[in-house]
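# Structural overview
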Amino acid sequence: MTTTEPTPQPAAAGDDTALANALANEHAAIYAYGLVSAHSVPDNNWLVTECLIEHRQCREECIAKLRGRSVSAPVAAAGYKIPFPVSTPADASKLALQVETDTATCWRAVAEQADNADDRGFAVRMLTESAIRAARWRVAADITPASVAFPGGPEKI
């Protein structure tokens, strides 16, 4: 979805790297939701607010996990490159759905690379939350089906 500056520093373990990358994506998601908020219809304000709250909570949990391992958490960039111009409510919904799709991909990678049950459980919870948010955005945009079988992956069914 976005290009971040600075890029996260690679961590020693694969699951730490995946978690750091997911955190960098959470920073980008929070930024992107600012644009979504600015261009969404008022009926979607509750959804934008909920998504922002959840992404911020996830960001804080990621930072705490990385700090608990003495791994430097990537910081938010000053700005992010958005994949397409956002100037209408339809663009805002499309961006929100892209954010959640990208977030699901990052959390699926954490689940796949995790070395312990705690990280896998956390990643699965975040992947599930991303899938739920994406489904809500699909419903808001009248996209069917509202959910996908395997969120965060390339599988098409």
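Residues numbered from 1 in each chain as written. Predicted model: local features only at pLDDT ≥ 70, side-chain atom pairs only at ≥ 80, totals over all residues. Heavy atoms only, no water.

Per an unreviewed UniProt entry, the chain is named DUF4439 domain-containing protein, and its organism is Mycobacteroides saopaulense.

This brings us to the overall build of the chain. Across its full length, the chain holds four helices and two strands. The order of α-helices and β-strands along the chain, N terminus first, is β-α-α-β-α-α. Of all 157 residues assigned to the chain, the portion counted as buried reaches 43%. Carbon and sulfur atoms form 56% of the exposed surface of the chain, whose accessible area is close to 8000 Å². (Helix = DSSP H or I, 4+ residues; strand = E, 2+ residues; numbered from the N terminus. Buried < 20%, exposed > 50% of the residue type's maximum accessible area, 1.4 Å probe, protein only. Areas by Shrake-Rupley, 256 points an atom, 1.4 Å probe, with all protein chains shown as cover.)

Our next topic: the packing of aromatic side chains. Counting across every chain of the model gives three aromatic pairs. Look at Tyr31 and Tyr80: their rings are 5.1 Å apart centre to centre, the planes differ by 50°, and that puts the pair in the tilted class. With Tyr31 in helix α1 (residues 14-39) and Tyr80 in strand β2 (residues 80-81), this pair connects stretches of sequence that are 49 residues apart. Given a relative accessible area of 9%, Tyr80 falls into the buried group. Judged by centre distance (5.2 Å) and plane angle (85°), the ring pair of Trp107 and Phe122 falls under edge-to-face. One end of the pair, Trp107, is in helix α3 (residues 89-113); the other, Phe122, is in helix α4 (residues 117-140), with 15 residues separating them in the sequence. According to the relative accessible area criterion, Trp107 is buried, its value standing at 0%. Positioned over the ring face of Phe122 is Lys65, at 5.0 Å from the centre of the ring. Across from the ring centre of Phe84, 4.5 Å away, lies the NZ or CZ of Lys94, which sits over that ring. (Phe/Tyr/Trp six-rings, centres within 6.5 Å; stacked < 30°, edge-to-face > 60°. Lys NZ or Arg CZ within 6 Å of the ring centre and 35° of its normal.)

If you walk through the whole model with that rule in mind, you get 11 salt bridges. Where Arg108 meets Glu112, a salt bridge forms, and the shortest distance between an N and an O atom there is 3.1 Å. In this pair, Arg108 and Glu112 both sit in helix α3, four residues apart, roughly one turn of the helix. Of the residues examined, Arg108 reaches a relative accessible area of 19% and is grouped as buried. In this structure, a network of salt bridges that share partners links the residues Asp16, Lys65, Arg69, Asp118 and Asp119. (Salt bridge = Lys/Arg side-chain N within 4 Å of Asp/Glu carboxyl O.)

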